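# Breakdown of the fold
Here's the letter readout for the chains.
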Amino acid sequence: MKFTRIYADEYGESHFEDVEVNFDTIDFAPPAPPLGVSQPTPAQRYRYLRGPAGWVGDWHPAPERHLMIYLSGEVEAETSDGEIRRFGPGSVILLEDTFGRGHRSRVLGLTDVLVAVVQLDVPPE
């Protein structure tokens, strides 16, 4: 499985990065058969976010380090290096551009976007 990471470099410029998730086969929920499970990531809380059709967010850094799991609708995001990507249902983005110029995003189409947002712990320095 892959997901997209948006991060800020040392100069505060944002970029996309494709990240591969590795799975280990373990007895996750015995007596059910083993499943492929990724390594855990510490998290603080989760919430849902709804972006109305036509919503546009000009340049902004992420308010916190979080994982966004797109449930419905479609968004276009642009990093400060000029790359643009689209994300829809099933897309996962790790937002870590918490300083610098950030990114900009907009809801595409005529339907709202629904996202599950998981706030993550700040990684150790």
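First things first, this report covers the structure right here in the doc. (Residues numbered from 1 in each chain as written. Predicted model: local features only at pLDDT ≥ 70, side-chain atom pairs only at ≥ 80, totals over all residues. Heavy atoms only, no water.)

Attention shifts here to the pattern of salt bridges. One pass over the structure, following the stated rule, counts 10 salt bridges. In this structure, the salt-bridge partner of R106 is E76, at a minimum N-O distance of 3.0 Å. Of the two residues, R106 sits in strand β11 (residues 103–108) while E76 sits in strand β8 (residues 74–79), which places them 30 residues apart along the sequence. Of the residues examined, R106 reaches a relative accessible area of 36% and is grouped as partly exposed. Accessibility expressed as a relative area gives 16% for E76, which makes it buried. A salt bridge links E83 to R85; the nearest nitrogen and oxygen atoms lie 2.9 Å apart. Overall, E83 belongs to the partly exposed group, its relative accessible area being 30%. When salt bridges with common partners are traced through the structure, they connect R5, E17, R65 and E96 into a single cluster. (Salt bridge = Lys/Arg side-chain N within 4 Å of Asp/Glu carboxyl O. Helix = DSSP H or I, 4+ residues; strand = E, 2+ residues; numbered from the N terminus. Buried < 20%, exposed > 50% of the residue type's maximum accessible area, 1.4 Å probe, protein only.)

Membership of the largest hydrophobic core comes to 14 residues, with the highest contact counts inside it found for M68, Y70, F87, I93, L95, V113 and V115. Of all the elements in the fold, those that place two or more residues in this core are β7 (66–72), β8, β10 (92–96) and β12 (113–120). With three residues, β12 is the single largest residue contributor to this core. Aside from chain neighbours lying at most four places away, what touches L95 is I6, A62, E64, R65, H66, M68 and H103. With five residues, the next largest nonpolar core counts V21, V92, L94 and L120 among its residues. (Core = buried A, V, L, I, M, F, W, Y, C linked by side-chain atoms within 4.5 Å. Contact = heavy atoms within 4.5 Å.)

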